[in-house]
Amino acid sequence: MACLLEAPLRISVLSEVTATSRHYVDRLFDPDPQKVLQGVIDMKNAVIGNNKQKANLIVLGAVPRLLYLLQQSSSSMELRTECAVVLGSLAMGTENNIKSLVDCHIIPALLQGLLSSDLIFIEACLRCLRTVFISPVTPVQLLYTDPTVIPHLMSLLSNSLRTQEYITQIFSHCCKTPEHQTILFNHGAIQNIAPLLISPSYKVRMQALKCFSVLAYENTQVSMTLVNVLVDGELLTQVFVKMMQRDQPIEMQLTAAKCLTYMCRASAIRTDDSCIVLKTLPCLVRMCSKEHLLEERVEGAETLAYLMEPDVELQRIASTTDHLVAMLADYFKYPSSVSAITDIKRLDHDLKHAHELRQAAFKLYASLGSNDEDIRKKITETENMMDRIVSGLSESSIKVRLAAVRCLHSLSRSVQQLRTSFHDHAVWKPLMKLLQNAPDEVLVMASSTLCNLLLEFSPSKEPILESGVIELLCSLTQSDSPALRVNGIWALMNMAFQADQKVKVEIVRCLGTEQLFRLLSDPDTNVLMKTLGLLRNLLSTRPHIDQIMSSHGKQIMQAVTLILEAEHSIEVKEQTLCILANIADGNTAKDLIMTNDDMLQKIKYYMGHSNVKLQLAATFCVSNLIWNEEDGSQERQDKLREMGFVDILHKLTQSSDPNLSDRAKTALQQYLA
C-alpha cells in the first residue's frame, strides 16, 4: 500500500512548493509599491541558501519582473537595490540559474544600473555582476560589447572598498585574451589598480594582485610597464616580493609569484635577477611541498615549470632546491590507499585532484629536464619514474597524457637515457599506441619524441622499424598541421640515416614520389629542410644512390632545379647542393648531372657565389664529378675544363676561407694525377 501513497504525496509536496513560490512572484505585481518592496525583501530571505526555491522562482518568471523593477526610474532606490540583491542571490545558485539570468539580459540591465549616483545601489549591481561573471558559463565578451563600460568601471574604482573588490574581481575573471589585456591596459588598468595593492582591505589587495597576474601573462607591453610602476614610492616588483613572504596568506604568495613569473617570461625581469632566483623560485618550490593543499601544489608546480622552461640555470637551481625532484614523486601517491581514508569527502577531493597533480608533476619534470643531463638522470632514477610515465601515456585524461608525453620528450633528448631507461622500459610501445589515435597537440609531442627514438644510436630504432612505423609517419606528412608534417618527415629522415637498402626503398615506396615532391614545395621552410635532409640520407652510399636515381632521377633533378632557381634561404640551397654532391658520387647517377648543361651552369654559378657555404657545397659536387679513380673521369674532366670550371677552381684556391681553398686544391689535383 505504501507504494500507492508515495506518488500523490510527491505531487502535493511539489505543488505546495510551487504555490508558495508563485505567491512570491505574484507579490511583485502588486499595485502598492510598499507591498512590492516587502515582497522583494521576503523573497530575498526565502532564497538565501535554498537552491530549489531559486530554481522555482526563475521558472515562474521572477527574473524579468525583478529586472523591470530594477530599471524603472519610478521605483524607489531601496526597491531597485533590493531587486539587485535578490538577483545576486539567484545567481549564487546553479550554472543553470546563471544561464537563465544571462538569457534574460541581466548583464546590460545591471551595467545600466551603474550609471546611478546611489553608491549602495551601484555596489549591489556590481556584486551581482561579479557573481554572474565569475561563472564559467557566462560569455566574458559581454563585458566588452559596449565600449563605454570599461572606462566607467575604472571611474567607479575609487568609490569604495566594495567597488574596488568587485570591479577588480570582474576584470581578473574577464581578461581572457590578448585583446582583453589591451583594452584594459589602454583604459588605464595599471595606474588605476596599482594603488589598490596597498589597500587596508585584504580582499581588495588580493583581487588587484590577481588582476596583475592575468594582465601580465604572456604580455610584453604590460610586463614592461609594470617594472617601472611605483606604489607609494616603492617599485611594484618589490611590492610583489613582500607579498611572497612566508607570513602572507598562501593565495597571496602564489599569485605574487605568478606575477613575477609572467613578467620574467615576458623578458621584463632578467632570469638572474635576485627577485627571481632568491624569492620567486624558492617560493614556488615551497608551494610543491606536502604541507600545502593539493590545489596549491598543482598551481605551484605548474607556475614553476613555466618560469624555468627556457632557462637552464633556473632549472639547475630548482633541481637542487629542497629536494624538489624527490618531492614531486609524492604527487603520484593520490588518492591515498582507500583504507587510509575514512573520510569519503577527502577521497572525493583526492580523486578530483589526482589527475591535476600528475599532470603538474609531469610538466615540472619536463621543464626541469629539458637541458641538463644530470637532472635527467636524477629524474629517471626517482622511484618508479619511467613506469609512471609509461602509465601516464595511457591515462584517460588527455591533459595527463599530454604532460606525460611532454616529460618523455624532454628526457628523450638524452643519448644516455635513450640507451638505458628508454630501452629497459620499451617506452616505444605505448608511444606508438598513443600515435594511433590522438588529438593534434598530443600527436605533435609524441611524434617529436619518436624522432629522437629513431636516432641511429637509439636501441629502440630497430623494434620501432619492425612495428610498421613507416606508414604512420608517411601519413603524418600529409597533415594540415606544419608541426606534424615536420615531425613525420624528420622521423623518416632519422630513420633513413645509414639505413639499409630495404628500409630506404620502403620509405620511398610508402611516401610516394608525388608526396615527396609536394613536400619539396611546402610553404613551411622547416618541412622543406627536413625533406631535403631525408633525400640526402636516402641518397647516400653508391648502390643506393644509383638505384634511387635510376627509378626517380628525372623527378629528383627537376626538384633540385626548381629549388636552386627559386628564392630560398642559404640553408635550403646548401642542403640542395649537398644532395647534388651525393648524386655526383654515384656510379651511374652522376651522368644525370653531366648530361644536364643547365645543371652544370648552376653549379658553376654557386662556385662563384658570395656565400662560402654554397661555394663549398658546389665545389664538393665538382670534386665528386671529376674524381680520378672512376670510369669516364677523363671525359668528365675535359668537359668541365671546356666549361671554365678549372679557372674557377684556381681562383678558389686563393680564398681566405681555409676549407674552401683546400677543397679547390683537392679538386685541381684530380687534373694533375
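What comes next is a walk through the structure. (Residues numbered from 1 in each chain as written. Predicted model: local features only at pLDDT ≥ 70, side-chain atom pairs only at ≥ 80, totals over all residues. Heavy atoms only, no water.)

Within this structure, the stated rule accounts for 25 salt bridges. Across the salt bridge formed by Lys-377 and Glu-381, the nearest N and O atoms sit 2.8 Å from each other. Through salt bridges with shared partners, a single ionic network connects Lys-290, Arg-297 and Asp-330. (Salt bridge = Lys/Arg side-chain N within 4 Å of Asp/Glu carboxyl O.)

A few words now on the packing of helix H7 (residues 106-113) against helix H8 (residues 119-133). Two packed helices can be described by the angle between their axes and the distance between those axes. Between H7 and H8, whose axes approach to 9 Å, the crossing angle comes to 150°. Relative to H8, the element H7 lies roughly antiparallel. Two packed elements cross with a definite hand, and for H7 against H8 that hand is left-handed. Across from Ile-106, Ile-107, Leu-110, Leu-111 and Gly-113 in H7, the residues of H8 making contact are Phe-121, Ile-122, Cys-125, Cys-128, Leu-129, Val-132 and Phe-133. (Axes fitted to C-alpha atoms, helices over the stretch in contact; angles between N-to-C directions. Helix = DSSP H or I, 4+ residues; strand = E, 2+ residues; numbered from the N terminus. Parallel < 35°, antiparallel > 145°, perpendicular 65-115°, else oblique. Left-handed = near helix turned anticlockwise from the far one by under 90°. Contact = heavy atoms within 4.5 Å.)

As a further point, take empty space enclosed by the protein. All told, the structure shown has 1 cavity of 30 Å³ or more when counted by the stated rule. Empty space within the largest cavity amounts to approximately 30 Å³. Lining of the largest cavity is provided by Ile-507, Val-508, Leu-511, Gly-512, Thr-513, Leu-516 and Leu-538. Those elements that provide at least two residues to the lining of the largest cavity are helix H32 (501-511) and helix H33 (513-519). (1 Å grid on protein atoms, 1.4 Å probe; cavity = no way out; pocket = protein on both sides within 12 Å on 5 of 7 lines; lining within 4 Å. Points joined across faces, edges and corners; volume = space filled by probe spheres on them.)

A few words on the layout of surface pockets. In this structure, the largest pocket occupies an estimated 920 Å³ of space. If you go around the largest pocket, you meet 27 residues; those closest to its centre are Glu-302, Tyr-306, Gln-359, Lys-363 and Arg-406. For the lining of the largest pocket, the secondary-structure elements that each account for two or more residues are helix H16 (250-265), helix H18 (294-308), helix H21 (344-368), helix H24 (398-411) and helix H28 (440-453). Split by residue class, the lining of the largest pocket holds 10 nonpolar, 6 polar and 11 charged. Of the volumes computed, that of the second largest pocket is approximately 640 Å³. As for the second largest pocket, its lining consists of 20 residues, of which Ser-172, Ser-213, Val-214, Lys-258 and Tyr-262 are closest to the centre. Counting only elements with at least two residues in the lining of the second largest pocket, the list comes to helix H10 (161-174), helix H11 (178-186), helix H13 (202-216), H16 and H18. By residue number, the principal contributor to the lining of the second largest pocket is H16, which donates 5 residues. (Nonpolar A, V, L, I, M, F, W, Y, C, P; charged D, E, K, R; others polar.)

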